[in-house]
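The primary structure of each chain is shown beneath.
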Amino acid sequence: MQTLINEYALFKDFAYSYKLGPKDLILTNQSLYEAFISPVDIPSIVIFREQFGRGEPNDEMINAIILHIEQYDFERVVAIGGGSIVDIAKLLVLEGVNDIVNIFEQKQACNKNKELIVVPTTCGTGSEVTNISIVEIKSKQTKLGLANDAILPDDAILIPELLRGLPFKYFMTSAIDALIHATEALVSPKATPYTDLFSRSAIQSIVTIFQGIVSHGEDYRMDYLAEMLRASNQAGIAFGNAGVGAVHALSYPLGAAYHVPHGEANFQFFISVLNLYQKYSPEGKIKDLCLLLASILDVKPSEAVESLDALLKQLITKPRLHEYGMKEEEIDIFVDRVITQQQRLLKNNYTALTRTDMESIYRNLY
Ligand SMILES: [Fe+2]
């Protein structure tokens, strides 16, 4: 099974082409609805995720949505939004769920009984082409990932128009997440020559656009929204097959405890993980990555990771971890959570990282 990918210049082109109607349940937010959906006047059921809570998705919020939508008769779920909306929508196509924790803890099987159409409005998650949903499980104080083909979208729709209103900060945190997806997928032991095509293309586009933004200013991105959306999608295809690893694993405890945006939390760990990979196994795929980055950034391969860090720091903040409120004693707690809860990701690491490695990464960034 794979996701059908379609691209439309405007939201209305998609709405007419897919004949959005009364048997469609749209999950979105109010500002997207007012800007793009309401003017097209479609007779679908619409719910706003913010009615059920703010912040990144958690089990309580999703259970409330599942209870609310029982009153409706619908055949397709249409997610129009960023990563949170997509992660929630993926769980709404499952049959007979009362408590989503049972799905994440694999106490209940995933059976799909609705179609799923995903329309991303950020350029980062790639979630429109992956079978993964990430949710904060409040009682466990962490985020857990569900990877199951039952939640793979049937259709992914790329509409650059929808990124026009995305503030620069959100554009950047999502784009950097896409860059990290492509990079972690490229060096993953599960990478293939086919996933590499997608990873390399995404890295080339994203880093080149970042250079343009540094040279010409924030508005430069407006001419490259379609390219960035495609790059994010390509990164999604790459990591949907090859996986992501330590950067994501280390970032989840921070994201869950201090509500750091996902892309920003990932950026914290990105360069440290690449540096360790380079130290442990400099002759493998990390070498290919450095050659690719060096050619884009016009530096020596030995300077590629450092130059990438310098470029990214001009675009996104990288405070010390304590500035988010993290406590020094949480270093051990976070490492424990990574080791006990993120093995799904750690098995995609380029080289194994020890407990001491992870501790030193957190400590150096603290
Ligand atoms: Fe991510």
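Conventions and cut-offs
- Residues numbered from 1 in each chain as written.
- Predicted model: local features only at pLDDT ≥ 70, side-chain atom pairs only at ≥ 80, totals over all residues.
- Helix = DSSP H or I, 4+ residues; strand = E, 2+ residues; numbered from the N terminus.
- Buried ≥ 20, exposed ≤ 12 C-beta atoms within 10 Å, placed from the backbone.
- Expected span 1.5 Å × (residues − 1).
- Arc of directions from axis to C-beta.
- Contact = placed C-beta atoms within 7 Å.
- Pairing = 2+ DSSP bridges.
- Domains from an automatic or database assignment.
- Nonpolar A, V, L, I, M, F, W, Y, C, P; charged D, E, K, R; others polar.
- Axes fitted to C-alpha atoms, helices over the stretch in contact; angles between N-to-C directions.
- Left-handed = near helix turned anticlockwise from the far one by under 90°.

Overview of unusual backbone geometry
The phi torsion at Asp41 lies on the positive side, around 55°, for a residue other than glycine. Relative to the helices and strands, Asp41 is located in the loop between α2 (30-37) and β3 (45-48). By C-beta crowding, Asp41 is classed as exposed, having 8 other C-beta atoms within 10 Å.

Looking at helix α11 (residues 285-297)
With 13 residues, α11 ought to run about 18 Å at 1.5 Å a step, and its terminal C-alpha atoms sit 18 Å apart, in line with that. Ile286, Leu289, Cys290, Leu292 and Leu293 are the residues of α11 that are buried. Mapping the buried residues of α11 onto a view down its axis gives an arc of 165°, with all of them on the same face. Exposed and facing more than 90 degrees away from the buried side of α11 are Leu291 and Ser295. Residues of α11 that are buried make contact with α6 (168-187), α7 (193-216), α10 (262-280) and α12 (304-313). Backbone geometry just after α11 places Asp298 at a positive phi near 60°.

Description of the pairing of strand β7 (residues 142-147)
Direction of pairing for strand β6 (residues 132-137) relative to β7: antiparallel, over a ladder of six bridges. Residue pairing for β7: Val135 is matched across the bridge by Leu144. Connecting β6 to the next strand, β7, in antiparallel fashion are four residues, including Gln141 with a positive phi near 50°.

A look at the domain arrangement of the chain
Under the domain assignment used here, the chain contains domain 1 (4-162) and domain 2 (167-365). In this structure, domain 1 and domain 2 have C-alpha centres spaced 25 Å apart. Sorting the residues of the side of domain 1 that touches domain 2 by element identifies β7 and β8 (155-158) as the ones contributing at least two each. Take the side of domain 1 that touches domain 2: its biggest share by element is five residues, from β7. Its residues assigned to classes, the side of domain 1 that touches domain 2 shows eight nonpolar, twelve polar and four charged.

Here's the deal with the packing of α6 against α7
At a closest axis distance of 9 Å, the pairing of α6 and α7 adopts a crossing angle of 145°. Considering only the axes of α6 and α7, their crossing is left-handed. On α7, the residues that touch Ala175, Ala178, Leu179, Ala182, Thr183, Ala185 and Leu186 of α6 are Thr195, Asp196, Ser199, Arg200, Ala202, Ile203, Ile206 and Val207.

Re the pairing of strand β4 (residues 76-81)
Taking burial as the measure, the six residues of β4 include five buried ones, the bulk of the element. Taken together, the four bridges between strand β2 (residues 24-28) and β4 define a ladder with parallel strand orientation. The partner of Asp24 across the bridge, within β4, is Arg76.

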